[in-house]
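Architecture at a glance
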Amino acid sequence: RLQRFAGKVIRTCRMAEGQALEQFEAAGYHDADPTMQPTIGGGRVAFQLDHILGTSGVTFSDFEVQTRSLHPDSEPISDHSPIRARVTI
């Protein structure tokens, strides 16, 4: 169990460091949120793990990180915050 958990932590940290995103950017993609707002975690351990990517000719506007729970009485369905953006082609 501990080894499996440690593996997940390592993979998440690598994604948060931007190693996977660097590969997409090298291939010509750009991120809808260049400010890298956090989409998971909180406080000192918050980071952006979720992205909307586009290629040349695709522009983004109105990027927003939304609250996890859409209804005040409901539990969040994920530990990630939903993100959205207006996409123009």
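Anything mentioned here points back to the structure above.
The shown structure was predicted, so the numbers you read here are calculated from the model rather than taken from an experiment. (Residues numbered from 1 in each chain as written. Predicted model: local features only at pLDDT ≥ 70, side-chain atom pairs only at ≥ 80, totals over all residues. Heavy atoms only, no water.)

1. As for the side chain of Q48
The criterion, for reference: In DSSP terms, a helix is any run of H or I states spanning at least four residues, a strand is any run of E spanning at least two, and both are numbered starting from the N terminus. Only protein chains enter the area calculation, which uses a 1.4 Å probe; residues under 20% of their type maximum are buried, those over 50% are exposed, and those in between are partly exposed. Two N or O atoms count as a polar contact when they lie within 3.5 Å, although within protein this holds only if one can serve as hydrogen donor and the other as acceptor, and sequence-adjacent residues are included solely when both atoms are side-chain atoms.
The topology assignment puts Q48 in the loop between β1 (30-31) and β2 (53-54). What makes Q48 buried here is its relative accessible area of 4%. At 3.3 Å, the side chain of Q48 and the side chain of D33 are in polar contact. A distance of 3.4 Å separates the side chain of Q48 from the backbone oxygen of D50, its partner in a polar contact.

2. A word on the pattern of salt bridges
Applicable threshold: Salt bridges are defined as contacts in which a side-chain nitrogen from Lys or Arg sits within 4 Å of a carboxyl oxygen from Asp or Glu.
Inspection of every chain in the model, using the stated rule, returns 2 salt bridges. A salt bridge links R86 to D62; the nearest nitrogen and oxygen atoms lie 3.0 Å apart. Of this pair, R86 sits in strand β4 (residues 83-88) while D62 sits in strand β3 (residues 59-65), and the two are 24 residues apart along the sequence. In this structure R86 comes out as exposed when scored by relative accessible area, which is 53%. With a relative accessible area of 54%, D62 lands in the exposed category. Notably, a salt bridge pairs E64 with R84, separated by 2.8 Å at the nearest N-O pair. Separated by 20 residues along the polypeptide, E64 in strand β3 and R84 in strand β4 bring together distant segments of the chain. Taking relative accessible area as the criterion, R84 reaches 46% and is therefore assigned partly exposed.

3. Looking at the side chain of D31
This is how the line gets drawn: Charged residues are defined here as Lys and Arg on the positive side and Asp and Glu on the negative side; His and the ends of the chain fall outside this count. Only heavy atoms enter the contact rule, under which two residues are in contact if any of them lie within 4.5 Å.
Mapping D31 onto the fold places it in strand β1. No salt bridge forms around the buried D31; measuring N to O, its nearest opposite-charge neighbour R84 is 14 Å away. Among the polar contacts made by the side chain of D31, one reaches the main-chain amide nitrogen of D33 at a distance of 3.0 Å. Side chain to side chain, D31 and H51 meet in a polar contact 2.4 Å long. Aside from chain neighbours lying at most four places away, what touches D31 is L21, M36, Q48, H51, I52, L53 and F60.

4. Thoughts on the packing of aromatic side chains
Note the following rule: Between rings of Phe, Tyr and Trp, where Trp is taken as its six-membered ring, a pair exists when centres lie within 6.5 Å; planes separated by under 30 degrees are stacked, by over 60 edge-to-face, and by other angles tilted.
This model, assessed by the stated rule, comprises 1 aromatic pair. Their ring planes at 90° and their centres at 5.7 Å tell us that F24 and Y29 sit as a pair that is edge-to-face. In this structure Y29 comes out as partly exposed when scored by relative accessible area, which is 33%.

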